[in-house]
Amino acid sequence: MTDRIIIKNGTVITMNDADDVLFGGTVVIEGDRITQVGEDVTVDETGATVIDATDQAVMPGLVDLHFHTAIGKGWSDHLPLWEYLDTCWYPIIRALSPEEAYWAALASYSESLKCGVTTVNDMYRRLDGLAKAAEEIGIRAVLSNDVADDEHDLDTLEDNRIAYEQSNGAANGRIEVYIGIEWLPLASEALLSDARRLADDLNTGIHIHLNESLTEVENSKERFGRRPTEVAYDCGILFDRCIAAHCVWLSDKEIALMRETGTQISHNPSSNAKLGNGIARVPEMLAAGINVGLGHDAAECNNSRDLFEVMKFASLMHRASRVDPSLQQAPDVVRMATRNGSAALGHETGQLTAGTKADVILIDLNSQMFTPLFPGSKAHLYSHLVFAANGSAVNTTIVDGRIVYRNREFTTIDEGKVLAEANEAFRHVLDRMVVPT
Ligand SMILES: [Zn+2]
């Protein structure tokens, strides 16, 4: 018999097309899918796991559209992006073993799940370790390698092809593998063209950093004679299965290229702020009709995986820089963190409607964060989610119909052991890493 979960008496934020919020609603999950959502649902509770969601919001799990497993948070984080990459990030990930990647991924995914993130779009190395971690902890993961030209001693397209063959479709389809390109300063035009060819051969997507910093744009103009997104367009990287991360420094022409190709953009405002990279032109992207989701980037450049915090940045930074409080209204930002991210990855998640995959989170409303809360007010609820809440409000996380975190306890891992092993892995990597002089 299929496992059933019945969530009742909740404030159900459906994120459906009509943007319905049900006050006193029920969500029924059978196997990996949602089968019923409504206010007047009568259902046989025999044999089901019943969750009483009184004083809780029930909403789709959040989608972290640009994510890297992290092992070295808070280490040398005073440096600008390029210097940080050369002296810290690349030496660390070059030294990484599959076992260390596994523990780093478990520690990273555990923070995300605790903060209500049910999907990560994770570009990193040692994908066998990442896939094992995702399978065990129960998160939905799109994995991609950190591919660069051979001289940089990172991953190759062949590594990515092997990872695809090993892990794509694992865990009931919960794990997928995309082609990952680190960024244009480490890539030739031939590599970019080959990446698109491989993505087409495997029928998969591409995950890439684009136009993250001014230094990247200058490097592109020097090496290629044009801006990064123009190069990506010419090499076939841009299409509707490409997730382009950051896109801070886009010209009008580059925004038009993103729009023309249906490329998906991950906006990562807190990473951009911390690294001093600037503020992406999100209002212009949205006005152009581009689908924009949200990502935290990496704990090394954030330093939190809490997507509630990212939602707040995704509103406040644009309001502050444009002196305009009408920008990035709360319901729109929640939609970016749920439906937009899911749509970018072509997933059947991001909303609570019958037939979609059961990625659901429960949030405690009986707390200071959600006080006061006007009864029956959608606007008040959305406001608190974006401007007042943080990930510690999340009580329960369900992915693919499986409860992985319940009443703030993991059902799938020993959290204390994961954190201890991740600390140990960091020390081992530091012992082995070689910093260029
Ligand atoms: Zn990144």
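Structure: above.
Residues numbered from 1 in each chain as written. Predicted model: local features only at pLDDT ≥ 70, side-chain atom pairs only at ≥ 80, totals over all residues. Heavy atoms only, no water.

1. Side note on unusual backbone geometry
Here's step 1: A cis amide bond links Asn302 to the next residue, Asn303, at an omega of 0 degrees.
Here's step 2: With respect to the helices and strands, the residue Asn303 is situated in the loop between β14 (297-298) and α11 (307-322).
Here's step 3: The step from Thr371 to Pro372 runs through a cis peptide bond, and the omega angle for that step is 0 degrees.
Here's step 4: With respect to the element layout, Pro372 can be found in the loop between β15 (360-364) and α13 (378-388).
Here's step 5: Not every positive phi belongs to a glycine, and Asp153 is a case in point at roughly 55 degrees.
Here's step 6: With respect to the secondary-structure elements, Asp153 resides in the loop between β8 (140-144) and α4 (157-167). (Helix = DSSP H or I, 4+ residues; strand = E, 2+ residues; numbered from the N terminus.)

2. Here's the deal with the coordination of the zinc ion
Here's step 1: Surrounding the zinc ion are the protein donor atoms His66 (NE2), His68 (NE2), His209 (NE2) and Asp297 (OD), which sit 2.1 to 2.2 Å from the metal.
Here's step 2: Coordination at the zinc ion is irregular, judged from the four donor atoms that bind it and the angles of 89 to 172 degrees they form at the metal.
Here's step 3: The motif formed by the donor residues of the zinc ion, counted along the single chain, is H-x1-H-x140-H-x87-D. Pair noted here: His68 is in strand β6 (residues 62-68) and His209 is in strand β10 (residues 206-210), with a separation of 141 residues, a long-range link. (Donors = N, O, S within 2.8 Å, 3.2 Å for Na, K, Ca; no water. Tetrahedral: all angles 85-135°; square planar, octahedral: opposite > 155°, others 65-115°.)

3. Regarding the layout of surface pockets
Here's step 1: Looking at the largest pocket, its volume works out to about 330 Å³.
Here's step 2: Looking at the largest pocket, it is lined by 16 residues, and the ones nearest its centre are Ile71, Lys73, Ala107, Arg305 and Ala422.
Here's step 3: For the lining of the largest pocket, the secondary structure elements donating two or more residues are α2 (98-114) and α14 (415-432).
Here's step 4: Each residue belonging to the lining of the largest pocket can be placed in one class, and the counts come to seven nonpolar, four polar and five charged.
Here's step 5: The space that makes up the second largest pocket amounts to roughly 190 Å³.
Here's step 6: Along the walls of the second largest pocket sit Pro98, Arg125, Arg126, Leu127, Asp128, Asn145, Asp155, Asp159, Ile162, Ala163 and Gln166, which together make up its complete lining.
Here's step 7: Mapped by element, the contributors of at least two residues to the lining of the second largest pocket are α3 (127-137) and α4.
Here's step 8: Among the elements that take part in the lining of the second largest pocket, α4 stands out by supplying four residues, more than any other.
Here's step 9: Tallied by class, residues from the lining of the second largest pocket come to four nonpolar, two polar and five charged. (1 Å grid on protein atoms, 1.4 Å probe; cavity = no way out; pocket = protein on both sides within 12 Å on 5 of 7 lines; lining within 4 Å. Points joined across faces, edges and corners; volume = space filled by probe spheres on them. Nonpolar A, V, L, I, M, F, W, Y, C, P; charged D, E, K, R; others polar.)

4. A word on the packing of α2 against α14
Here's step 1: It is at 8 Å that the axes of α2 and α14 come closest, and there the two elements cross at 135 degrees. Here α2 is positioned oblique relative to α14, judged by the angle of their axes. You can see that α2 and α14 cross each other, and the crossing is left-handed. Along its contact with α2, which presents Glu100, Trp103, Leu106, Ala107 and Lys114, the element α14 presents Glu415, Lys417, Val418, Leu419, Glu421, Ala422, Ala425, His428, Val429 and Arg432.
Here's step 2: Tallied by class, residues from the contact of α2 with α14 come to eight nonpolar, one polar and six charged. (Axes fitted to C-alpha atoms, helices over the stretch in contact; angles between N-to-C directions. Parallel < 35°, antiparallel > 145°, perpendicular 65-115°, else oblique. Left-handed = near helix turned anticlockwise from the far one by under 90°. Contact = heavy atoms within 4.5 Å.)

5. With respect to the packing of aromatic side chains
Ring pairs (aromatic) are described by centroid distance and by the angle formed between their planes.
Here's step 1: Applying the stated rule across the entire model yields six aromatic pairs.
Here's step 2: Geometrically, the ring pair formed by Phe67 and Tyr109 is tilted, given 5.8 Å between the ring centres and 40 degrees between the ring planes. In this pair, Phe67 is assigned in strand β6 and Tyr109 in helix α2, connecting sequence segments 42 residues apart.
Here's step 3: We classify Phe67 as buried; its relative accessible area is 0%.
Here's step 4: The class for Tyr109 is buried, based on a relative accessible area of 0%.
Here's step 5: A centroid spacing of 5.4 Å and a plane angle of 80 degrees characterise the contact between Trp75 and Phe426, whose relative ring orientation is edge-to-face. (Phe/Tyr/Trp six-rings, centres within 6.5 Å; stacked < 30°, edge-to-face > 60°. Buried < 20%, exposed > 50% of the residue type's maximum accessible area, 1.4 Å probe, protein only.)

6. What about the environment of Pro80?
Here's step 1: Note that Pro80 resides in the loop between β6 and α1 (81-95).
Here's step 2: Looking at Pro80, the relative accessible area reads 44%, which means it is partly exposed.
Here's step 3: Along the primary structure Pro80 and Ala298 are separated by 218 residues, whereas in three dimensions their C-alpha atoms are 15 Å apart.

7. Considering empty space enclosed by the protein
Summary: where empty space remains is shown by rolling a probe the size of a single water molecule over the atoms.
Here's step 1: Tallying each qualifying case throughout the model produces one cavity of 30 Å³ or more.
Here's step 2: Size it by volume and the largest cavity reaches roughly 160 Å³.
Here's step 3: Contributing to the lining of the largest cavity are 15 residues, with His68, Leu81, Leu85, His209 and Asp297 lying nearest its centre.
Here's step 4: Of all the elements in the fold, those that place two or more residues in the lining of the largest cavity are α1 and β14.
Here's step 5: If you tally residues by element for the lining of the largest cavity, the top one is α1, at four residues.

8. Section: the side chain of Thr119
Here's step 1: Its location among the elements puts Thr119 in strand β7 (residues 117-123).
Here's step 2: By relative accessible area, Thr119 is classed as buried at 1%.

9. Concerning the nonpolar core
Here's step 1: With 121 residues, the main nonpolar core has Tyr109, Ile208 and Ile363 as its most contacted residues.
Here's step 2: In this structure, Tyr109 is in contact with Phe67, Thr69, Val120, Asp122, Leu130, Ala133, Ala134, Ile137, Ile139 and Leu143, ignoring residues within four places of it in sequence. (Core = buried A, V, L, I, M, F, W, Y, C linked by side-chain atoms within 4.5 Å.)

10. Focus: the side chain of Ser167
Here's step 1: Considering the arrangement of structural elements, one finds Ser167 in helix α4.
Here's step 2: Each residue touching Ser167, except ones within four places of it in the same chain, is listed here: Ala131, Ile175 and Val177.

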